[in-house]
Amino acid sequence: MAETKVPEVRDITRIERIGAHSHIRGLGLDDALEARQVSQGMVGQKKARRAAGIITKMIQEGKIAGRAVLIAGQPGTGKTALAMGMAQSLGADTPFTAMGGSEIFSLEMGKTEALTQAFRKSIGIRIKEETEIIEGEVVEVQIDRPATGTGAKVGKLTLKTTEMETVYDLGTKMIESVTKEKVQAGDVITIDKATGKISKLGRSFTRARDYDAMGPQTKFVQCPEGELQKRKEVVHTVSLHEIDVINSRTQGFLALFSGDTGEIKGEVRDQINTKVAEWREEGKADIVPGVLFIDEVHMLDIECFSFLNRALESDMAPILIMATNRGITKIRGTNYSSPHGLPIDLLDRLLIISTSPYEEKALERILKIRCEEEDVEMTDDALAVLTKVAMETSLRYAIHLITSANLTCRKRKGTEVDVEDIKKVYSLFFDQGRSAQFLKEYQQEFMFNEQTESSTMDTS
Ligand SMILES: Nc1ncnc2c1ncn2[C@@H]1O[C@H](COP(=O)(O)OP(=O)(O)OP(=O)(O)O)[C@@H](O)[C@H]1O
Ligand SMILES: [Mg+2]
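Being a predicted model, the structure only gives us computed values, none of them experimental.

Draft legend 1. Spotlight on the packing of aromatic side chains. Applying the stated criterion across every chain, the model contains 6 aromatic pairs. Look at F96 and F293: their rings are 6.4 Å apart centre to centre, the planes differ by 35 degrees, and that puts the pair in the tilted class. Taken as a pair, F96 in strand 4 (residues 96–100) and F293 in strand 13 (residues 291–295) lie far apart in primary sequence, 197 residues in all. An angle of 65 degrees between the planes, with centres 6.3 Å apart, marks the rings of Y397 and Y426 as edge-to-face. Of the two residues, Y397 is situated in helix 14 (residues 395–411) and Y426 in helix 15 (residues 419–428); the sequence distance between them amounts to 29 residues. Given the relative accessible area of 31%, Y426 is considered partly exposed. For R332, the ring lying beneath its charged end belongs to F105, and the centroid distance is 4.6 Å. Looking at R434, its charged tip hangs above the ring of Y426, at a distance of 3.6 Å from the centre.

Here you go:
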């Protein structure tokens with residue numbers, strides 16, 4: 001009986017991790033920043049990956065800020081994937097904000113405000129704080145109600161290190177947190193002296209044999225050495241935007257959770273900039289320039305572009321990464337055409353990484369990785385056919401077919417997707433080319449088609 005439950009659990013986790021780029025786990029580079037043919041879910045596109053790797057390295061070393069990079073190339077050549085790979089290899093300490101170019105038009109705030117917020121979300125402030133803590137192994141916890149039955153509880157906590165042992169009197173608040181954290185003899189804990197916050201580090205090794213009912217997650221640690229009271233440096237990284245929201249009187253910090261921050265006043269930002277500059281001088285804080293990634297950047301208009309030009313020059317600018325699949329096209333909001341739909345003065349500031357279409361081998365490899373990602377078994381023949389499809393139509397279309405072919409395979413109670421399944425879904429779902437062909441052939445029967453002179457709408 002127990003065995004039937006296992007696949008169910010696996011199903012749930014499987015659904016969670018599938019997204020268009022969920023197979024990307026980094027840029028797949030070696031220590032010399034050379035691109036491996038297949039690594040971390042990345043395939044081919046070596047030059048672009050290498051270039052992205054160099055940028056990532058410079059970002060990590062804090063060498064660049066206020067620079068901008070454009071990833072340009074045909075649709076489906078892995079531009080967004082590349083940016084996701086960069087985000088992964090930067091790690092959690094570097095802020096990375098991703099947005100689509102069209103997003104700024106749908107927010108309930110001005111375009112420049114939306115961009116300012118995106119910029120400030122991408123700048124981290126690393127704040128160093130020295131705090132006093134008490135760290136030790138719990139010898140005894142004693143919490144009593146007064147004999148009268150009413151009034152506050154009283155408590156004592158005995159802590160020890162390898163060298164000393166001290167008894168602390170507990171106030172009402174401390175009693176509460178001791179009870180809440182379920183602190184017991186044998187736990188190794190730290191208490192933040194300023195806030196009274198208790199954190200459990202684990203159980204002391206000396207108690208390893210005491211309990212047989214301990215869960216597998218129980219962590220054992222050494223009994224701390226030296227003094228019970230210690231100074232500890234803690235580092236928090238918050239984004240400038242978070243500091244803005246917390247200090248903005250109209251919003252309040254709760255807005256951070258609802259995401260409904262609205263516009264933030266210029267004065268608030270000015271004050272914060274001054275404060276951060278002070279912290280920096282006093283050595284209390286560092287600035288961590290993160291990354292702002294704007295996908296489909298051709299959707300921005302001329303006002304946004306001129307804002308970007310200006311914002312990149314400020315001394316607290318993140319690294320701006322943009323991606324576009326457009327050729328020479330109109331700059332939104334003007335009648336002028338320009339490469340990638342970006343104004344020349346912005347283009348001039350950019351480092352451009354270009355991606356090129358994939359060869360058959362790379363396509364096959366990417367499709368194979370996607371099959372693994374979606375837990376789809378596929379025969380070699382089917383994969384070969386699917387690769388042909390990808391060559392003739394597009395990689396995206398072929399990736400979509402994986403999921404649907406798997407479904408038809410399961411419907412016929414098969415275990416491996418075969419050529420038949422691919423054929424079937426290929427005939428069921430049109431790619432862009434065949435759909436356009438169909439429209440050309442049957443345009444008379446559709447509404448609003450522009451190629452016929454008199455449509456039925458005119459006469460009604
Ligand atoms: N080099 C690669 N290695 C692994 N997967 C890739 C690679 N290139 C693209 N892919 C995958 O192929 C799909 C299409 O790529 P992606 O969305 O990155 O294209 P794009 O260049 O951003 O296209 P568009 O211009 O239409 O936005 C995605 O699922 C992506 O994860
Ligand atoms: Mg994209």
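Draft legend 2. A look at unusual backbone geometry. Positive phi, close to 55 degrees, is recorded for D375, a residue that is not glycine. Its location among the elements puts D375 in the loop between helix 12 (360–373) and helix 13 (380–392). Residue class for D375 comes out partly exposed when judged on its relative accessible area of 41%. At K413, a residue that is not glycine, the phi angle is positive and equals roughly 60 degrees. With respect to the helices and strands, K413 occurs in the loop between helix 14 and helix 15. Assessed through its relative accessible area of 75%, K413 is described here as exposed.

Draft legend 3. The arrangement of the site of ligand 1 in detail. The local shell around ligand 1 holds 22 residues, among which V43, K79, T80, Y358 and R396 are the closest. H21 has a polar side-chain atom sitting 2.9 Å from an oxygen atom of ligand 1. In the environment of ligand 1, an oxygen atom lies 3.4 Å from a nitrogen or oxygen atom belonging to the side chain of E296. Relative to its unbound accessible area of 630 Å², ligand 1 is 95% covered by the protein chains. Residue assignment for the shell around ligand 1 shows that the elements contributing at least two residues are strand 2 (42–43), helix 3 (79–90) and helix 14. In terms of residue class, the shell around ligand 1 is made up of 10 nonpolar, 9 polar and 3 charged. A domain split of the shell around ligand 1 shows at least three residues from each of domain 1 (38–126 + 239–354) and domain 3 (360–444).

Draft legend 4. Local environment of the side chain of R269. By the secondary structure assignment, R269 is in helix 9 (residues 266–281). Relative accessible area serves as the criterion here: at 8%, R269 is assigned to the buried category. When near neighbours in sequence (up to four residues on either side) are disregarded, R269 contacts E113, T116, Q117, R120, D244 and I264.

Draft legend 5. Spotlight on the side chain of T158. If you trace the backbone, T158 turns up in strand 6 (residues 154–160). Judged by relative accessible area, which is 8%, T158 ranks as buried.

Draft legend 6. Region of the structure containing the pairing of strand 6. Pairing of strand 5 (residues 123–144) with strand 6, which is carried by 7 bridges, proceeds in the antiparallel orientation. Note that in strand 6 the partner of V138 across the bridge is L159. As paired elements, strand 6 and strand 7 (residues 165–170) share 6 bridges and run antiparallel to each other. Its bridge partner being in strand 7, G155 is matched across the sheet by L170. Hairpin connection of strand 6 to strand 7: 4 residues between the antiparallel strands.

Draft legend 7. Region of the structure containing the pairing of strand 14 (residues 319–324). Counting buried positions over the 6 residues of strand 14 gives 6, a clear majority of the element. Covered by surrounding structure in strand 14 are I319, I321 and A323 together with L320, M322 and T324, the residues of both alternating faces. Pairing between strand 3 (residues 68–73) and strand 14: 5 bridges, direction parallel. Bridged to V69 within strand 14 is I321. This β-α-β element, strand 13 to helix 10 (residues 302–311) to strand 14, shows right-handed connectivity.

Draft legend 8. Geometry of the nonpolar core. Counting 27 residues, the largest nonpolar core has I294, L308 and M322 as the members making the most contacts within it. Of all the elements in the fold, those that place two or more residues in this core are strand 3, helix 5 (111–121), strand 13, helix 10, strand 14 and helix 11 (344–347). A per-element tally of this core places helix 10 first, with 5 residues. In this view, I294 contacts M99, G100, G101, L115, L300, L320, I321, M322 and A323; residues no more than four positions away in its chain are not counted. Counting 26 residues, the second largest nonpolar core, distinct from the first, contains M378, L386, I399 and L401.

Draft legend 9. Spatial organisation of the environment of L33. Note on placement: L33 falls in the loop between helix 1 (2–17) and strand 1 (38–39). With 19 residues separating them in the primary sequence, L33 and A52 have C-alpha atoms 9.5 Å apart. Excluding anything up to four places from it in sequence, L33 contacts R50, G53, I54 and K57.

Draft legend 10. View of the sheet that holds strand 4. Pairing in this open sheet of 5 strands is parallel, and the strands run 4-13-14-3-17 from one edge to the other. Across the chains shown, the open sheet's two edge strands, defined by having one partner strand only, are strand 4 and strand 17 (350–355). For this sheet, the mean inter-axis angle between neighbouring strands, taken without regard to orientation, is 20 degrees. As judged from the 5 bridges shared by strand 4 and strand 13, these two strands associate in the parallel manner. Residue pairing across strands places F96 opposite V291, the latter belonging to strand 13.

What counts, and where the lines are drawn
Residues numbered from 1 in each chain as written. Chains lettered and ligands numbered in written order. Predicted model: local features only at pLDDT ≥ 70, side-chain atom pairs only at ≥ 80, totals over all residues. Heavy atoms only, no water. Phe/Tyr/Trp six-rings, centres within 6.5 Å; stacked < 30°, edge-to-face > 60°. Helix = DSSP H or I, 4+ residues; strand = E, 2+ residues; numbered from the N terminus. Buried < 20%, exposed > 50% of the residue type's maximum accessible area, 1.4 Å probe, protein only. Lys NZ or Arg CZ within 6 Å of the ring centre and 35° of its normal. Near = heavy atom within 4 Å. Polar contact = N/O pair within 3.5 Å; in protein donor to acceptor, adjacent residues only side chain to side chain. Areas by Shrake-Rupley, 256 points an atom, 1.4 Å probe, with all protein chains shown as cover. Nonpolar A, V, L, I, M, F, W, Y, C, P; charged D, E, K, R; others polar. Domains from an automatic or database assignment. Contact = heavy atoms within 4.5 Å. Pairing = 2+ DSSP bridges. Right-handed = clockwise from strand over helix to strand, strands pointing away. Core = buried A, V, L, I, M, F, W, Y, C linked by side-chain atoms within 4.5 Å. Axes fitted to C-alpha atoms, helices over the stretch in contact; angles between N-to-C directions.

These values are about where atoms sit, not about what they do.
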